[in-house]
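Topology and contacts: notes
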Amino acid sequence: MNLEFLSQIPLLLTIVYCVAVVAFVFLFVLFSNWLERKISAHIQDRLGPMETGGWHGWSQAIADALKLLFKEDIIPAAADNKLFRLAPYLVFVGSLAGFAVLPFGAQLIGSDLNIGMYYVIAISSLVVIGILMAGWASNNKWALYGAMRAAAQMVSYEVPVALSLLVPVIMSGTMSMQEIVHNQEGYFWNWYVFRMFPFSFVAFIIYFWASLAEVNRNPFDLPEAESELVAGYFTEYSGMRFAIFFLAEYGNMFVVSAIAATVFLGGWQAPFPFLKFIPGAVWFIGKAMSLVFVQMWLRWTLPRLRVDQLMHVCWKIFLPFSFANLMLVGLWAVLWGK
Amino acid sequence: MNFVPILIFLGAAAAVVFAALLTNRLLAPHKPNPAKLTTYECGEEPVGSPWIRFNTRFYVIALIFIVFDVEVLFLFPWAVNLKQMGMFAWVEMAVFIAILSIGLAYVWAKRDLEWIKPKPGWVKSKD
């Protein structure tokens with residue numbers, strides 16, 4: 001298909017791309033919602049949804065989305081109306097904005113910023129503000145506890161996340177997502193996770209664990225621990241407003257996995273050069289989805305940490321290790337990097 | 001270097017939320033009543049307000065976070081240019097990180113990283 005003429009009107013192209021990404025986010029959320037139920041069911045020796053739509057309950061997530069669309073939107077009388085309405089916007093904007101710099105393919109990127117990596121870390125902090133706002137505005141004790149925990153946890157784990165993302169930045173000498181992917185060209189052992197062994201691998205592991213905390217997934221899902229906090233910061237949200245939080249959360253799962261896939265697992269590069277005929281987007285989404293699967297697997301396998309253990313892991317284990325790791329990678333890069 | 005797509009993504013995200021909420025408003029019933037609009041507290045009447053003085057346990061942690069986040073800010077340009085600048089830059093950053101590590105060690109020793117900080121007079125509790 002000849003799409004050359006579209007490059008004459010880059011703004012239109014960007015808008016088309018943006019709409020495609022939004023559609024992808026919706027499809028991803030529906031699919032991974034269904035997938036998570038099936039995975040959790042099979043891990044717990046159940047079947048999960050089997051009825052809706054026929055084959056293995058494939059349309060269960062669609063039915064749920066429709067249900068939420070027809071649900072009454074309740075804003076508690078005691079809540080701070082304006083902040084309560086504003087919070088879902090901030091959470092979803094923070095989630096979708098991350099997609100703008102994800103390289104789905106050699107040409108498929110919203111904007112290849114030269115500070116791409118830094119932008120992702122910065123814009124994802126918007127979610128924390130949205131969550132605190134939701135928890136505070138709900139005027140509900142569960143919501144407030146959930147929001148306070150979420151803020152403490154997401155803010156703390158931002159430091160190890162940023163420090164481990166600096167490792168690929170040192171290795172490639174750029175923060176542009178596309179250049180980082182280009183630097184990992186060739187066979188799969190050129191991916192950053194396999195280079196500078198074991199330091200880069202350690203950075204990958206730290207990033208993956210800390211990113212679980214960033215997106216409030218088990219074993220770090222204290223902000224919305226159902227058994228103690230009802231639903232955490234979105235206890236008072238219902239209908240579509242609840243669905244927006246849900247969308248943002250699953251969207252963030254994809255963003256953190258996609259960043260790991262980009263900077264450590266070669267992004268849209270094929271593992272072997274002879275597999276290059278398969279489009280880059282397939283590799284990219286495949287790699288990101290594999291990491292999403294691991295996130296789900298961990299969620300249904302591991303118990304939840306206590307809040308003091310959570311802080312302990314971050315400040316006393318991840319932080320010193322990621323600093324030491326970063327300096328060793330720096331030393332390696334200085335001595336043998338050129 | 002093009003920030004226009006970023007703006008489009010931010011606008012699209014807000015538009016999606018707005019459209020979703022508008023659809024919900026048009027489709028869903030809207031029959032509020034006082035019982036429905038109470039704050040949820042497991043079916044009981046809410047006791048007091050949550051908008052009270054709240055012991056934010058991570059207050060010190062938030063301060064440490066700001067220190068380390070600013071440090072990460074300095075690390076980004078350093079990381080990009082490290083290979084060109086070589087050993088000198090590495091040693092400089094090592095000194096900088098060492099100074100901050102002393103700060104972390106101090107906070108650690110003062111037990112400010114604990115979620116429940118023991119009162120000053122307490123005997124050393126088991127970690």
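Computed from a prediction, not measured in an experiment: that's the story for all the values here. Within any chain, residue numbers begin from 1 and follow the written order of that chain's sequence. Chain labels run from A onward and ligand labels from 1 onward, assigned in the order the entries are written. With pLDDT at 70 or above as the cut-off, local features in this predicted model cover only qualifying residues; side-chain atom pairs require 80 or more to be listed or tallied, and sums for whole chains, interfaces and linings still use all residues.

1. A look at the overall build of chain A
Going along the chain from the N terminus, every DSSP run of H or I of four or more residues is numbered as a helix, and every run of E of two or more is numbered as a strand. Within chain A one finds 12 helices and 0 strands. Sequence-ordered secondary structure for chain A, helices as α and strands as β, is α-α-α-α-α-α-α-α-α-α-α-α. If you line up chain A on its principal axes, its C-alpha atoms span 60 × 55 × 45 Å. We call a residue exposed when 12 or fewer other C-beta atoms sit within 10 Å of its C-beta, buried when the count reaches 20 or more, and partly exposed for counts in between; the C-beta positions come from the backbone. Here chain A holds 338 residues, and the buried ones make up 54% of them. Residue pairs in contact within chain A that sit at least 24 positions apart in sequence constitute 77% of those at least 6 positions apart. A pair of residues counts as a contact when their C-beta atoms, built from backbone coordinates, are separated by no more than 7 Å.

2. Considerations on the overall build of chain B
Helix and strand content of chain B: 3 helices and 0 strands. In chain B, the succession of α and β elements from N to C terminus is α-α-α.

3. Concerning the interface of chain B and chain A
Facing the 56 residues of chain B at the interface are 64 residues of chain A. Counting residues per element, the side of chain B that touches chain A draws most heavily on helix α1 (residues 4-27) of chain B, which supplies 17 residues. Put simply, Ala, Val, Leu, Ile, Met, Phe, Trp, Tyr, Cys and Pro go in the nonpolar bin, Asp, Glu, Lys and Arg in the charged bin, and everything else, Gly too, in the polar bin. Along the lines of polarity and charge, the residues of the side of chain B that touches chain A split into 41 nonpolar, 9 polar and 6 charged.

4. Points about helix α2 (residues 59-85) of chain B
Because each turn of an α-helix spans 3.6 residues, side chains separated by three or four positions in sequence point in the same direction. Helix span, expected: 1.5 Å multiplied by one less than the number of residues in the helix. For α2 of chain B, spanning 27 residues, the distance from its first C-alpha to its last is 38 Å, which sits close to the expected 39 Å at 1.5 Å a residue. On the buried face of α2 of chain B, the contacting elements are α6 (141-172) and α12 (307-336) of chain A together with α3 (87-109) of chain B. Downstream of α2 of chain B by one or two residues, G86 of chain B has phi in the positive range, about 75 degrees.

5. Points about helix α11 (residues 280-299) of chain A
The terminal C-alpha atoms of α11 of chain A, which comprises 20 residues, lie 29 Å apart, in line with the 28 Å expected from a rise of 1.5 Å per residue. Within the span of α11 of chain A, buried status applies to W283, F284, I285, K287, A288, L291, V292, Q295 and M296 of chain A.

6. What about the nonpolar core?
Generally speaking, nonpolar side chains in soluble globular proteins are found buried as a group. Residues and elements named next belong to chain A. Nonpolar core, as used here: buried Ala, Val, Leu, Ile, Met, Phe, Trp, Tyr and Cys residues forming one set through C-beta atoms within 7 Å. Core analysis: the largest hydrophobic core is formed by 134 residues, its most contacted members being F92, I131, A147, A151, L166, I244 and A260. Among the elements that take part in this core, α6 stands out by supplying 22 residues, more than any other. Start and end positions for the domains come from either an automated domain assignment or a database one. Two domains each provide a minimum of three residues to this core, namely domain 1 (1-70) and domain 2 (75-336).

7. Some remarks on the environment of E236 of chain A
If you trace the backbone, E236 of chain A turns up in the loop between α9 (226-229) and α10 (239-263). On the basis of neighbour count, E236 of chain A is assigned to the buried category, with 25 C-beta atoms found within 10 Å. On a C-alpha basis, the gap between E236 of chain A and H56 of chain A in space is 32 Å, while along the polypeptide they are 180 residues apart. Residue contacts for E236 of chain A: discarding those within four places in its chain leaves P76, A79, S138, N140 and A143 of chain A together with Y40 of chain B.

8. Here's the deal with the domain arrangement of chain A
Residues and elements named next belong to chain A. What the domain assignment lists for chain A is domain 1 (1-70) and domain 2 (75-336). A straight line from the C-alpha centre of domain 1 to that of domain 2 covers 20 Å. Taken together, the contact pairs 17 residues of domain 1 with 16 residues of domain 2. Elements supplying a minimum of two residues to the side of domain 1 that touches domain 2: α1 (10-43) and α2 (60-69).

9. Considering the packing of α2 of chain B against α3 of chain B
All names here are of chain B. The contact between α2 and α3 brings their axes to 10 Å, and the two run at 165 degrees. When the axes of α2 and α3 are compared, the pair comes out roughly antiparallel. In this structure, the crossing between α2 and α3 has a hand that is left-handed. Between α2, through I64, V67, E71, W78, L82 and M85, and α3, the contact on the second element is made entirely by F88, A89, W90, M93, L100, G103 and V107. Within the contact of α2 with α3, the residues separate by chemical class into 11 nonpolar, 1 polar and 1 charged. To get an axis, fit a line to the C-alpha atoms, keeping to the stretch in contact for a helix; angles then go from 0 to 180 degrees between the N-to-C directions. Angle categories: roughly parallel below 35 degrees, roughly antiparallel above 145, roughly perpendicular from 65 to 115, and oblique for all the rest. For any helix crossing, the convention is left-handed if the near helix is rotated counterclockwise from the far helix by under a right angle, and right-handed if that rotation is clockwise.

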